[in-house]
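As a plain string of letters, each chain reads:
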Amino acid sequence: MIFSVRNPTTRSFDAGRACVQLEGVSKSYGATKAVVGLTVTIGQGEFFSLLGPSGCGKTTILRLIAGLERPENGTVSIGGETVASSETWVLPEKRGIGIVFQDYALFPHMSVAHNIAFGLKGFRKEQVGNRVEELLALTGLSSLAKRYPHELSGGQRQRVALARSLAPRPRVILLDEPFSNLDAALREELRKETKRILKEQGATTILVTHDQEEAFSLSDRVGVLRDGKLEQLGSPVDIYHRPHCRFVANFVGKADFIEGTVEGRTVHCAFGSFPLTSLQNPVSKQVELMVRPDDVGFFPDATGQAIITEVRFFGASVQYQLQLEDGRIIHAIRPSAEILPVGSRVNIKVDASQVVVFPKD
């Protein structure tokens with residue numbers, strides 16, 4: 001249950017046309033349940049991310065879609081065609097899938113152009129040449145066509161792998177944490193380039209990642225996984241500002257949880273009182289309020305209800321740790337133009353529209 005939040009981002013994919021569907025899909029490895037009853041539909045042209053910690057089942061789902069694993073239960077469909085069920089099995093090479101692996105998996109003895117052309121077997125020579133030239137231009141690799149993988153940077157190798165996966169015009173592109181081996185600055189640049197390339201090609205894309213920033217910056221929708229189960233599915237804005245449970249709230253960003261009490265249509269807590277909206281219907285009087293640091297403001301006040309106990313400088317922003325009068329801790333992230341020192345007493349102002357209320361566990 002939540003208070004109202006900011007408007008979700010506009011989606012550019014065709015939500016009305018399903019490209020990939022998983023219905024009741026399960027997969028186990030011995031006693032370990034990797035995927036449990038997963039049902040999800042991914043739209044045509046959508047950039048969809050599966051987000052979660054290591055071991056939550058992300059890569060297994062990718063392998064089930066690609067045909068590298070068989071589901072024990074449920075069905076997998078691509079473009080309206082069932083490719084895996086108890087009665088049906090379509091081979092991986094017949095599914096129209098392109099995959100970009102974490103280590104790129106390029107052929108070291110082949111040039112950039114030949115790596116890209118590898119997936120175009122059966123095409124006429126002229127078609128292969130035209131498609132390779134098109135993808136070299138699209139990925140900014142035209143001047144590197146004759147180089148070999150060992151002569152390329154990590155970012156260039158990533159673009160070659162992406163171009164190769166796009167070459168046969170697959171129905172779906174699967175990205176298995178393709179940016180994890182890159183340094184931070186290059187990772188951000190390649191994310192933007194990858195999204196541009198995939199959107200220009202109209203590709204339906206499924207990314208698996210444990211990186212919240214990566215999923216949010218690239219995706220139309222995000223599915224958050226825990227122990228093989230889908231905890232929440234929605235736009236990045238919904239996932240961040242409207243988490244359905246504490247696991248999602250904690251996994252997709254820093255949050256503080258403050259105990260509160262509901263009286264009538266008002267929630268009372270250590271830093272103030274908030275009116276409940278028509279969306280709010282707490283199941284108990286004892287609740288917890290989730291507050292994001294970016295929704296906490298404060299101003300100096302000698303009689304304020306909190307003291308700054310820690311200051312962490314991050315360049316453009318500063319993170320403050322604030323101790324309330326009852327000893328509870330809350331965090332705030334503010335611009336670094338003016339920095340208050342440790343020991344300053346302040347009054348807290350929280351953006352009530354962004355506070356999320358959970359029943360106390």
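The text that follows walks through the structure, step by step, so that each part is easy to find.

Among the six residues that make up strand β9 (residues 221-226), five are buried, leaving the element largely enclosed by the rest of the structure. For β9 and strand β10 (residues 229-234), the ladder comprises five bridges, and the chain directions are antiparallel. Bridging from a neighbouring strand, R226 pairs with K229 of β10. The loop that links β9 with its antiparallel partner β10 comprises two residues; one of these, D227, has a positive phi angle of about 50°.

With that settled, the discussion passes to the sheet that holds strand β17 (residues 317-324). Reading across the sheet, the five strands line up as β15-β19-β16-β17-β18 and stay open at both edges, with antiparallel pairing between neighbours. Where the open sheet ends on each side, the last strands, each with one partner, are β15 (296-300) and β18 (329-335). When strand polarity is set aside, the average angle formed by the axes of neighbouring strands in this sheet is 40°. Note that strand β16 (residues 306-313) and strand β19 (residues 345-350) share two bridges and pair antiparallel. Bridging across to β19, I307 finds its partner in R345.

On to the pairing of β18. A regular strand places its side chains on the two faces of the sheet in alternate fashion. As judged from the seven bridges shared by β17 and β18, these two strands associate in the antiparallel manner. Bridge pairing in β18 links Q323 to I329. Between β17 and β18, which pair antiparallel in sequence order, lie four residues; one of them, G327, sits at a positive phi of approximately 95°.

One non-glycine residue, R169, adopts positive backbone phi at about 55°. With a relative accessible area of 55%, R169 lands in the exposed category. In this model, D227 sits at a positive phi of 50°, which is unusual for a non-glycine residue. In this fold, D227 is placed in the loop between β9 and β10. Owing to a relative accessible area of 56%, D227 belongs among the exposed residues under this scheme.

Inspection of every chain in the model, using the stated rule, returns 18 salt bridges. For R63, the salt bridge is made with E69, and the minimal N-O distance between the two is 3.3 Å. We classify R63 as partly exposed; its relative accessible area is 32%. When the shortest N-O distance is used, the salt bridge between R242 and D238 registers 3.7 Å.

Moving on, we get to the environment of C56. Structurally, the position occupied by C56 is in the loop between β3 (47-51) and α1 (58-66). Of the residues examined, C56 reaches a relative accessible area of 1% and is grouped as buried. Each C-alpha atom of the pair C56 and K349 lies 37 Å from the other, and the pair is 293 residues apart in sequence. Leave out the neighbours within four places in its chain, and C56 touches A34, L225, R226, D227 and G228.

Quick notes on the rules
- Residues numbered from 1 in each chain as written.
- Predicted model: local features only at pLDDT ≥ 70, side-chain atom pairs only at ≥ 80, totals over all residues.
- Heavy atoms only, no water.
- Buried < 20%, exposed > 50% of the residue type's maximum accessible area, 1.4 Å probe, protein only.
- Helix = DSSP H or I, 4+ residues; strand = E, 2+ residues; numbered from the N terminus.
- Pairing = 2+ DSSP bridges.
- Axes fitted to C-alpha atoms, helices over the stretch in contact; angles between N-to-C directions.
- Salt bridge = Lys/Arg side-chain N within 4 Å of Asp/Glu carboxyl O.
- Contact = heavy atoms within 4.5 Å.

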